[in-house]
Amino acid sequence: MTNFVRLGLSPTKGNLKLGPLRTHIYNLAIALAGWEWGLKNKWVIIRIDDTNTLDSNYGVIKELMKMFSERFSIDLWENLIVKQSERNHVYSALFSILERKWFLLPEGGAYKFVSLYGSEITIYDMLKWEIRVSLKSQENFFIRRGDGTYLYNFASPIDDALLGISHIVRGNDKINSAIMQEVIKIALGLKSAQYVHLPLLRSLGGTLNSSSYYKDFLNEWYIQEAINSYLFSSWYGDPEIQYPHPESFFFNFDIKRIHKKDSLFDLDRLKSLNTKFLKSISSQRYVEAYQEYLLLNNRNDLIKLLDKTTQDFILKWRKDFSWNVKIMTYFLTKKTSFWSLNVSHLKRLDEIKELQMKDVKQILSEVKEPDERKYLIESIRFSLTWDIKWL
């Protein structure tokens, strides 16, 4: 069976946050499951949720499409793209059906949908089985604005049915909107779809923690391999499995392995993933990621210093990027070039951190060249936290 999904892209900045991004990733995973990589994304419909054109920022859509291309190796521009703002005639035709069936209530120029059905509705969810919801407390809700444009909870179920969407994938905080959309489909005689309400990402306090932007983590020295792997595995299968490339996640995706419960955001685990990937990626990829980090943080002064000698130096250590910036800034302010450093001596710093003062003195005594001794001492001062004024 072919899985048809839609990416509901809202042209607002919020769509670039981790929560919506995670939903888009799982939509893609369900659509791409079992199909050949590079061809299977034709089963994805890109729907731009812009019924309210006044609040729409279409630059966000371009930014999101670019992110999927650069970060996840998926070109979404090849897919069918549907703009809700251009489908008002479709919604109007179905609106008139509701009007004839007495499902509408005018209010101040706008219209509300009035549910005339029984006391309960059942929603079929692939993770939660059947969700039975009482309609006794269901209030009437707006579906058309006073200017004649339609709201999301009316346009969305119509598009899902008419475009043949088989799976509706979103966070489990959207179950209430699913209820409103399902009663619309019932009233219009439209076919329903399989729902997949995903677990949420929460902080230790229990609040939603999906409001951070993907770019925020790139700014904070995390590389995309670690961020992606964390997004893939935090709600899926064995969380210890790493996904260095998007294909490794999409190829073997199984909807049954999605977790049922919400996940706590684990910054320590993200840091651990980042450290592992920094050690394992190629030298070229490490330098490219570091250059991107410097660009994002407006450190053009350090980009100019990133010659081959400097690259060799940071590749010997493969520390996180904030450490690279600190040590490069240190030598920049000291007007000391990296070619002056003897890497074999600097590599001892990792050993020095575990040694006592007397052991450090012994190591320094082995360095006979005055300049090398001087630079090694400066590096020790920079790297260690305990007082070494005696140097």
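Anything mentioned here points back to the structure above.
It should be emphasised that the depicted structure is a prediction, and the values quoted were computed from it without experimental measurement.

Caption draft 1: Structural context of helix H4 (residues 152-162). Burial analysis of H4 places eight of its 11 residues in the buried class, the great majority of the element. Buried within H4 we find Asn-153, Phe-154, Ala-155, Ser-156, Pro-157, Ile-158, Asp-159 and Asp-160. Those residues of H4 that are buried lie in contact with strand S1 (5-9), strand S2 (44-48), helix H3 (88-100), strand S8 (141-144), strand S9 (167-171) and helix H5 (175-188). Gly-164 sits one or two positions beyond H4 and adopts a positive phi of about 75°.

Caption draft 2: The arrangement of the pairing of strand S4 (residues 104-107) in detail. Of the strand pairs in this sheet, S4 and strand S5 (residues 110-113) are connected by four bridges, and their pairing is antiparallel. Among the inter-strand pairings, Leu-104 is bridged to a residue of S5, identified as Phe-113. In sequence, S4 turns back onto S5 through a hairpin of two residues, with Gly-108 there showing a positive phi of about 60°.

Caption draft 3: Examining the pattern of salt bridges more closely. Applying the stated criterion to the full structure yields 13 salt bridges. Arg-47 is the partner of Asp-49 in a salt bridge, and the nearest nitrogen-oxygen pair spans 2.7 Å. Arg-47 matches Asp-49 in its accessibility class, with the two residues each being buried. Put simply, Lys-308 and Asp-312 hold a salt bridge, and the shortest N to O gap is 3.1 Å. In this pair, Lys-308 and Asp-312 are both assigned in helix H12 (residues 308-317), four residues apart and thus about one turn of the helix distant. Three or more residues are tied together by salt bridges with common partners; here these are Arg-6, Arg-47, Asp-49 and Asp-160.

Caption draft 4: Up close: the pairing of strand S7 (residues 129-134). One ladder, built from six bridges, connects strand S6 (residues 120-125) with S7; its direction is antiparallel. Its bridge partner lying in S7, Glu-120 is registered against Ser-134. In this antiparallel pair of consecutive strands, S6 and S7, the connection spans three residues.

Caption draft 5: Seen up close, the nonpolar core. Ile-25, Tyr-26 and Phe-249 are the most contacted members of the largest nonpolar core, which totals 72 residues. With nine residues, helix H1 (residues 18-32) is the largest single contributor of residues to this core. Every residue in contact with Ile-25, bar those within four places of it in the chain, is listed here: Phe-68, Phe-72, Leu-231, Phe-232, Phe-249 and Phe-250. Core analysis: the next-biggest nonpolar cluster, separate from the first, contains 34 residues, Phe-113, Val-133, Ile-168 and Val-183 among them.

About the thresholds
- Residues numbered from 1 in each chain as written.
- Predicted model: local features only at pLDDT ≥ 70, side-chain atom pairs only at ≥ 80, totals over all residues.
- Heavy atoms only, no water.
- Buried < 20%, exposed > 50% of the residue type's maximum accessible area, 1.4 Å probe, protein only.
- Helix = DSSP H or I, 4+ residues; strand = E, 2+ residues; numbered from the N terminus.
- Contact = heavy atoms within 4.5 Å.
- Pairing = 2+ DSSP bridges.
- Salt bridge = Lys/Arg side-chain N within 4 Å of Asp/Glu carboxyl O.
- Core = buried A, V, L, I, M, F, W, Y, C linked by side-chain atoms within 4.5 Å.

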